[in-house]
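# Coordinates in review
The lines below spell out each chain.
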Amino acid sequence: MKTVHKDKDGLRKQIMKSAVASFKIEGIRISPDEAAKTLKKVETKIAKSSR
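Predicted model, so just to flag it, every value in this text is computed and none were measured.

### Describing the overall build of the protein chain
Summing up its helical and strand segments, the protein chain has two helices and zero strands in all. When the 51 residues of the protein chain are sorted by exposure, 4% land in the buried category. Counting every atom, the protein chain has about 5000 Å² of accessible surface; 57% of that belongs to carbon and sulfur.

### A word on helix H1 (residues 8–25)
Taking 1.5 Å per residue, 18 residues should reach 26 Å; H1 reaches 26 Å between its end C-alpha atoms and fits that length. Count one or two residues on from H1 and you reach Gly 27, which has phi positive near 85 degrees.

### Structural notes on the packing of H1 against helix H2 (residues 32–49)
Taken N-terminus to C-terminus, the directions of H1 and H2 make an angle of 115 degrees; their axes are 9 Å apart at the nearest point. With respect to H2, the element H1 is oriented roughly perpendicular. When the axes of H1 and H2 are compared, the crossing they make is right-handed. Facing H1, whose interface residues are Arg 12, Ile 15, Met 16 and Val 20, H2 presents Pro 32, Ala 35, Ala 36, Leu 39 and Glu 43. Broken down by class, the residue content of the contact of H1 with H2 amounts to seven nonpolar, no polar and two charged.

### Thoughts on a positive patch on the surface
A cluster of basic residues, Lys 37, Lys 41, Lys 45, Lys 48 and Arg 51, forms a positive patch on the protein surface. Here Lys 48 lies in helix H2. Since its relative accessible area comes to 55%, Lys 48 is described here as exposed.

How each quantity is defined
Residues numbered from 1 in each chain as written. Predicted model: local features only at pLDDT ≥ 70, side-chain atom pairs only at ≥ 80, totals over all residues. Heavy atoms only, no water. Helix = DSSP H or I, 4+ residues; strand = E, 2+ residues; numbered from the N terminus. Buried < 20%, exposed > 50% of the residue type's maximum accessible area, 1.4 Å probe, protein only. Areas by Shrake-Rupley, 256 points an atom, 1.4 Å probe, with all protein chains shown as cover. Expected span 1.5 Å × (residues − 1). Axes fitted to C-alpha atoms, helices over the stretch in contact; angles between N-to-C directions. Parallel < 35°, antiparallel > 145°, perpendicular 65-115°, else oblique. Left-handed = near helix turned anticlockwise from the far one by under 90°. Contact = heavy atoms within 4.5 Å. Nonpolar A, V, L, I, M, F, W, Y, C, P; charged D, E, K, R; others polar. Patch = residues over 30% accessible without salt bridge, like charges linked within 9 Å, V, L, I, M, F, W, Y side chains within 5 Å. Salt bridge = Lys/Arg side-chain N within 4 Å of Asp/Glu carboxyl O. Lys, Arg positive; Asp, Glu negative; His and termini not counted. Charge placed at Lys NZ, Arg CZ, Asp CG, Glu CD.

So, to be careful, I would describe these as geometric facts and stop short of saying anything about function.
Structure representation (C-alpha cells):
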C-alpha cells in the first residue's frame, strides 16, 4: 500500500536535508543541488523497478 503525502515539496526538502546530514556524519560534504540530483536518480530507478 502506498502512502499518500499531501505536501510533496515539504517531504522532498526533508529527504534532501536528511541526505545531506547523513553524508555529513560520514565526513562527506555534498551540496543541496547534488542531493537533489541523487534523489531524482533514485526516484527514476524506483519508478522503473515498480513497473
